[in-house]
Amino acid sequence: MKIIDLRSDTVTLPTDEMREAMMKAKVGDDVYREDPTVNELEELAASIFNKEAALFVVSGTMANQVSIMTYTQRGDEVIVGKNSHIYNYEVGAMAALSGVQAFPLNDENGMFSLDELESAIRSENIHFPKTALITLENTHNRAGGVALSKEYIDEVANIADKYGIPVYLDGARIFNACIALAVSPAKMVERVDALMFCLSKGLSAPIGSVIVGKRDFIERARKMRKRLGGGMRQAGVIAACGIVALNKMVDRLKEDHENAELLAKELSEVKGIIVEPVAVRTNMVYFMLLPGAIDAPELAKRLLERGIKIGVVSKRRVRLVTHKDVLKEDVIEAAKAIKEVVESTWRGE
Ligand SMILES: *Cc1c(COP(=O)(O)O)cnc(C)c1O
């Protein structure tokens, strides 16, 4: 049976071109900075974002935590979104590894209110921790995969600048945001001090994320990566896939966005569910199952019998993610299956 896997864009398989690039990659010991393919990937990433330097790491979580560790001292405070990945999905790493505490702000639509942000910044007082970092997430996963505008990022940076606090962007899916808003990556992150992006999500590489920023920050981050056990040796075999990802897989993200839009449209006609609206849609569709409808775990079970995998976020909330390994006809089939299961079990008005 064919599987249509809409749980995440992390399930994307490497392309044939990536596998070939892995086989042919020139490699060396990257801890000695002697892997030419890793060096090439890092230079390419820095140039795409018009920043000085970059650092290849194994995962988005490691990228975020290496960056936080580099920007903070024990006892500092980091401003995060209540719904951010950094705050919710990294096993408490900022506390466990860097010894810093989070100051979570409301970010229901992916954005903090600028007033709330400014009042969250600590003044000088013997009792207070130091606000060492402000983090943003673009696209914002839990807020529906919404793309935040460059204008909003710049407004956050204006406040941060006023207090001399760096801005760090969790840009796991920053290319989705850039494609959706037709803004170049360099322009989008012009005002952030550093960011990371994932090669292993919609860009379909098997492994890896990249941190991008100023040269001295990246050199300090390189040391923190080593501290965390993330110094790799002949990492060119995986970096090679990252180069293919950046050169070949970015523009096609618009197909994923079109498929997500189609999915949202089809699902909006299903009795018993509410598709969550999103200001700028990328490759995600979240929906709520109304009281009277089947619950999310049960829906997932019924769909799995038909070869369709969905993301259960909570008892009534579902996430669907489009990516290169689901085609337009798969999306149509999935929407049809969801309609049949939800409407045939509907007990509401
Ligand atoms: C996936 C993701 C990460 C973490 O990446 P991993 O490679 O899974 O560790 C961080 N932030 C966001 C917004 C993500 O979606």
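Worth saying up front: this structure is predicted, and the values here are computed from it rather than measured.

Engineer: It is not clear to me how the overall build of the protein should be interpreted in this structure. Could you clarify?
Structural biologist: Across its full length, the protein holds 14 helices and 13 strands. With respect to the three principal axes, the spread of C-alpha positions in the protein is 60 × 55 × 35 Å. Taking all 349 residues of the protein together, 57% fall into the buried category. Contacts in the protein between residues at least 24 apart in sequence constitute 74% of all its contacts with a sequence separation of at least 6.

Engineer: Where do I start with the domain arrangement of the protein in this structure?
Structural biologist: Each assigned domain of the protein is listed with its residue range as follows: domain 1 (10–248) and domain 2 (252–345). Each of domain 1 and domain 2 has a C-alpha centre, and the two are 28 Å apart. Across the boundary between the two partners, domain 1 contributes 22 residues, which contact 17 residues of domain 2. For the pair domain 1 and domain 2, the summed buried surface comes to about 1,600 Å²; carbon and sulfur atoms form 59% of the total. Counting across the domain 1 and domain 2 interface gives 0 salt bridges. At 5 residues, helix α8 (residues 174–181) tops the list of elements feeding residues into the side of domain 1 that touches domain 2.

Engineer: Just to check I follow, could you spell out the packing of helix α1 (residues 16–24) against helix α11 (residues 236–248) for this structure?
Structural biologist: Helix-helix packing is characterised by the crossing angle of the two axes and by the distance between the axes. One way to put it is that α1 packs onto α11 with a least axis distance of 8 Å and a crossing angle of 140 degrees. By the angle between their directions, the pair α1 and α11 is classed as oblique. Remark: the crossing between α1 and α11 carries right-handed chirality. Residues E17, M18, A21 and M22 of α1 form the contact with α11, whose own contacting residues are V237, I238, A240, C241, V244, A245 and K248. Here the contact of α1 with α11 is built from residues that sort into 9 nonpolar, no polar and 2 charged.

Engineer: How do you make sense of the site of the ligand when you look at a structure like this?
Structural biologist: Contacts to the ligand come from 13 residues, most closely from G60, T61, D170, R173 and K201. A distance of 2.8 Å is found between an oxygen atom of the ligand and a backbone nitrogen or oxygen belonging to G60. Relative to its unbound accessible area of 370 Å², the ligand is 84% covered by the protein chains. When residues of the shell around the ligand are assigned to their parent elements, the largest contribution, 3 residues, is made by helix α3 (residues 60–71). Here the residues of the shell around the ligand sort into 3 nonpolar, 5 polar and 5 charged.

Engineer: Honestly, the nonpolar core in this entry has me stumped. Any pointers?
Structural biologist: Proteins that are soluble and globular tend to have nonpolar side chains buried together. Membership of the largest hydrophobic core comes to 56 residues, with the highest contact counts inside it found for F56, I174, F197 and L199. Here this core takes 7 residues from α11, the largest share from any one element. Counting 32 residues, the second-largest nonpolar core is a separate cluster that includes V275, I294, I308 and V318.

Engineer: Which parts of the structure should I look at to understand unusual backbone geometry?
Structural biologist: Phi is mostly negative for residues that are not glycine, and the peptide bonds are mostly trans. The omega angle of the peptide bond from N138 to T139 is -5 degrees, so this bond is cis rather than trans. Looking at where T139 falls in the secondary structure, it is placed in the loop between β5 (131–137) and α7 (150–163). At A182, a position not held by glycine, the phi torsion is positive, near 55 degrees. The exposure class of A182 is exposed, given its relative accessible area of 72%.

Engineer: Mind showing me how you'd approach the state of the cysteines here?
Structural biologist: Covalent bonding between the sulfur atoms of two cysteines defines a disulfide. Using the criterion set out here, one finds 0 disulfides in the structure. Free cysteine: C198, not disulfide-bonded; nearest cysteine sulfur from C178 at 14 Å. With no disulfide of its own, C241 has C198 as its nearest cysteine by sulfur position, at a separation of 15 Å. For C241, a relative accessible area of 0% corresponds to the buried category.

Engineer: Any chance you could explain the pattern of salt bridges here in plain terms?
Structural biologist: Oppositely charged side chains can pair when the atoms bearing their charge come close. This model, assessed by the stated rule, comprises 26 salt bridges. Between E261 and R281 there is a salt bridge; the shortest N-O distance is 3.4 Å. Taken together, the residues span a long stretch of sequence, with E261 in helix α12 (residues 253–267) and R281 in the loop between β9 (273–275) and β10 (284–289) at a distance of 20 residues. With a shortest N-O distance of 2.7 Å, D295 and K315 are connected by a salt bridge. Taken together, the residues span a long stretch of sequence, with D295 in the loop between β10 and α13 (296–304) and K315 in the loop between β12 (311–312) and β13 (317–321) at a distance of 20 residues. Residue classification places D295 among the buried positions, given a relative accessible area of 19%. A relative accessible area of 54% places K315 in the exposed class. Within this structure, R33, E42, E219 and R222 form a network of salt bridges that share partners.

Engineer: How should I be thinking about the pairing of β5 in this particular structure?
Structural biologist: The element β5 is extensively covered by neighbouring structure, given that 7 of its 7 residues are classed as buried. The pairing of strand β3 (residues 77–81) with β5 spans 3 bridges and is classified as parallel. Its bridge partner lying in β5, V78 is registered against L133. In this structure, β5 lies alongside strand β6 (residues 167–170), joined through 4 bridges in parallel fashion. The residue bridging T135 from the neighbouring strand is Y168, located in β6. Crossover connection from β5 via α7 to parallel β6: handedness right-handed.

The rules behind the values
Position labels on residues start from 1 in each chain and follow its written sequence. Local features in this predicted model are restricted to residues of pLDDT 70 or higher, and side-chain atom pairs are both shown and tallied only at a pLDDT of 80 or more, whereas totals for entire chains, interfaces and linings draw on every residue. Only hydrogens and water are set aside when side-chain values are computed; all heavy atoms of the structure are taken into account. Secondary structure elements follow DSSP: runs of H or I no shorter than four residues count as helices, runs of E no shorter than two count as strands, and numbering proceeds from the N terminus. Relative accessibility decides the category of a residue: with a 1.4 Å probe and only protein chains considered, values under 20% of the type maximum give buried, values over 50% give exposed, and everything between is partly exposed. Working rule for contacts: check all heavy atoms of both residues, and any pair within 4.5 Å makes them a contact. For the domain bounds, the source is a domain assignment made automatically or taken from a database. Once two parts are put together, the accessible area they lose, assessed with a 1.4 Å probe and summed over both, is termed the buried area. Think of a salt bridge as a Lys or Arg side-chain nitrogen and an Asp or Glu carboxyl oxygen that are within 4 Å of each other. Structural elements are reduced to axes, namely lines fitted to C-alpha atoms, with helices fitted over the stretch in contact, and the angle between N-to-C directions of any two is expressed from 0 to 180 degrees. Note on terminology: angles under 35 degrees are roughly parallel, angles over 145 are roughly antiparallel, angles of 65 to 115 are roughly perpendicular, and the others are oblique. Here a crossing is called left-handed whenever its near helix is offset anticlockwise from the far helix by less than a right angle, and right-handed whenever the offset is clockwise. Classification used: nonpolar for Ala, Val, Leu, Ile, Met, Phe, Trp, Tyr, Cys and Pro, charged for Asp, Glu, Lys and Arg, polar for all others including Gly. If even one non-hydrogen atom of a residue comes within 4 Å of a molecule or strand, that residue is called near it. Two N or O atoms form a polar contact when they lie within 3.5 Å of each other; inside protein one atom must be a possible hydrogen donor and the other a possible acceptor, and for residues adjacent in sequence the pair counts only when both atoms belong to side chains. Surface accessibility in these figures is a Shrake-Rupley result with a 1.4 Å probe; residues are shielded only by whichever protein chains are displayed. The definition of a nonpolar core used throughout is a set of buried Ala, Val, Leu, Ile, Met, Phe, Trp, Tyr and Cys residues joined through side-chain atoms within 4.5 Å. Only a pair of cysteine sulfur atoms within 2.5 Å counts as a disulfide in this structure description. Strands pair, by our definition, only if DSSP identifies at least two bridges between them. For a crossover, the right-handed case is the one in which the path from the first strand over the helix to the second runs clockwise, viewed with the strands pointing away from the viewer.

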